[in-house]
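Reading the structure
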Amino acid sequence: MVISLLNKTQIRYCLDAMGEMFPEAHCELNHSNPFELVVAVALSAQCTDALVNKVTKNLFQKYKTPQDYLDVSLEELQEDIRSIGLFRNKAKNIQNLCRLLLDEYEGVVPRDRDELTKLPGVGRKTANVVVSVAYGVPAIAVDTHVERVSKRLGFCRWKDSVLEVEKTLMKKVPMDEWSITHHRMIFFGRYHCKAQNPQCEVCPLLDLCREGKKRMKVKQAK
């Protein structure tokens, strides 16, 4: 069965509707500089932003620079982020990341995505978030929310990889809207089109959403 994807006009309608729903969409990870953002995003893997913010409240008071993270033992850093999932691995990555920042970049977070992905624990998604939020470089970071929303609405295909989703969105969304679209899609996915129990019955995009129509049919048949 061939499933048709949304055309340019329909995608424009979706982007505008999300913009109206979440005009204040922004990065919800608390940070005051690019270095804190890198640490926060590294901590956020498989974990909610709310939990990360809880942990970084004290963490960022204790550690201000890459050197600060290296001046303590790995065990002490693990203890400081213990309430976060995968804390052992993340503590190791943060220390390795700080070492590389000092050795290769004079302690300054690079503004180039490819350079950023050389840092331990920093993948393409993290790098996109950092260049976009910290440095204002147009980028679309595909997290679970962006991927889910893109596929449910039919911006891209169900079988597309995360990289394919990113490339498709970069093609279909105007470049000067990449960063804000990334935030709006996250808010839309986090607060409205949730993984469990999406709010299809009150969704302004229901008429265009293949997944929503299917879910509503199932509900009505019950």
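Residues numbered from 1 in each chain as written. Predicted model: local features only at pLDDT ≥ 70, side-chain atom pairs only at ≥ 80, totals over all residues. Heavy atoms only, no water.

With an unreviewed UniProt entry as reference, the protein chain is termed Endonuclease III, source organism Cytobacillus firmus. Under the Catalytic activity (unreviewed entry) heading, UniProt states for the protein chain: "2'-deoxyribonucleotide-(2'-deoxyribose 5'-phosphate)-2'-deoxyribonucleotide-DNA = a 3'-end 2'-deoxyribonucleotide-(2,3-dehydro-2,3-deoxyribose 5'-phosphate)-DNA + a 5'-end 5'-phospho-2'-deoxyribonucleoside-DNA + H(+)". Taken directly from UniProt, the Sequence similarities (unreviewed entry) text for the protein chain runs: "Belongs to the Nth/MutY family." (UniProt positions renumbered as here; feature names shortened; annotations may be inferred.)

1. So, the overall build of the protein chain
Broken down by element type, the protein chain carries 12 helices and 0 strands. Scanning the protein chain from its N terminus toward the C terminus, one meets helices and strands in the order α-α-α-α-α-α-α-α-α-α-α-α. Since a compact globule built from 222 residues should have a radius of gyration of about 17 Å, the 19 Å found for the protein chain is in line with a globular shape. By principal-axis analysis of the C-alpha atoms, the protein chain measures approximately 60 × 35 × 30 Å. Residues counted as buried form 46% of the 222 residues belonging to the protein chain. (Helix = DSSP H or I, 4+ residues; strand = E, 2+ residues; numbered from the N terminus. Rg over C-alpha atoms; globule rule 2.2 N^0.38 Å. Buried < 20%, exposed > 50% of the residue type's maximum accessible area, 1.4 Å probe, protein only.)

2. Some thoughts on the nonpolar core
Core analysis: the biggest nonpolar cluster contains 38 residues, and L59 and Y69 have the highest contact counts within it. Mapped by element, the contributors of at least two residues to this core are α2 (34–43), α3 (49–62), α6 (87–105) and α8 (124–135). Residues in contact with Y69, not counting those within four places in the same chain, are F35, V39, L59, F60, Y63, L77, I94, Q95 and C98. Core analysis: the next-biggest nonpolar cluster, separate from the first, contains 27 residues, A17, M18, A25 and F188 among them. (Core = buried A, V, L, I, M, F, W, Y, C linked by side-chain atoms within 4.5 Å. Contact = heavy atoms within 4.5 Å.)

3. Brief notes about the UniProt feature "domain: HhH-GPD" (unreviewed entry) in the protein chain
UniProt records the feature "domain: HhH-GPD" (unreviewed entry) for residues 43–191 in the present numbering. Helix makes up 65% of residues 43–191 and strand makes up 0%, while its end C-alpha atoms are separated by 21 Å.

4. So, α2
With respect to burial, α2 is a largely interior element, 9 of its 10 residues being buried. Taken together, the buried positions of α2 are F35, E36, L37, V38, V39, A40, V41, A42 and L43. Tucked inside the fold, the buried residues of α2 contact α3, α4 (66–70), α6 and α8. For α2, the capping residue at the N-terminal end is N33, with a side-chain oxygen 3.1 Å from the backbone nitrogen of F35. (Polar contact = N/O pair within 3.5 Å; in protein donor to acceptor, adjacent residues only side chain to side chain.)

5. Quick notes on the domain arrangement of the protein chain
According to the domain assignment, the protein chain consists of domain 1 (8–23 + 141–221) and domain 2 (34–135). Placing a centre on the C-alpha atoms of domain 1 and another on those of domain 2 gives a separation of 29 Å. Looking only at domain 1, the three residues that lose the most surface to domain 2 are A141, E166 and R190, adding up to 49% of its buried area. For the pair domain 1 and domain 2, the interface holds 3 salt bridges. For E166, the salt bridge is made with R113, and the minimal N-O distance between the two is 3.4 Å. Listed by contribution, the elements that provide at least two residues to the side of domain 1 that touches domain 2 are α10 (162–172) and α11 (178–191). For the side of domain 1 that touches domain 2, the class distribution of residues is 3 nonpolar, 3 polar and 3 charged. (Domains from an automatic or database assignment. Buried area = accessible area lost by both parts, 1.4 Å probe. Salt bridge = Lys/Arg side-chain N within 4 Å of Asp/Glu carboxyl O. Nonpolar A, V, L, I, M, F, W, Y, C, P; charged D, E, K, R; others polar.)

6. Considerations on the packing of aromatic side chains
Applying the stated rule across the entire model yields 4 aromatic pairs. Arranged with centres 5.7 Å apart and planes meeting at 80°, the rings of F35 and Y69 form a pair that is edge-to-face. You can see F35 sitting in helix α2 and its partner Y69 sitting in helix α4, a full 34 residues away along the chain. Overall, F35 belongs to the buried group, its relative accessible area being 7%. With a centroid separation of 4.4 Å and 15° between ring planes, the pair formed by Y63 and Y69 is classed as stacked. Owing to a relative accessible area of 0%, Y69 belongs among the buried residues under this scheme. (Phe/Tyr/Trp six-rings, centres within 6.5 Å; stacked < 30°, edge-to-face > 60°.)

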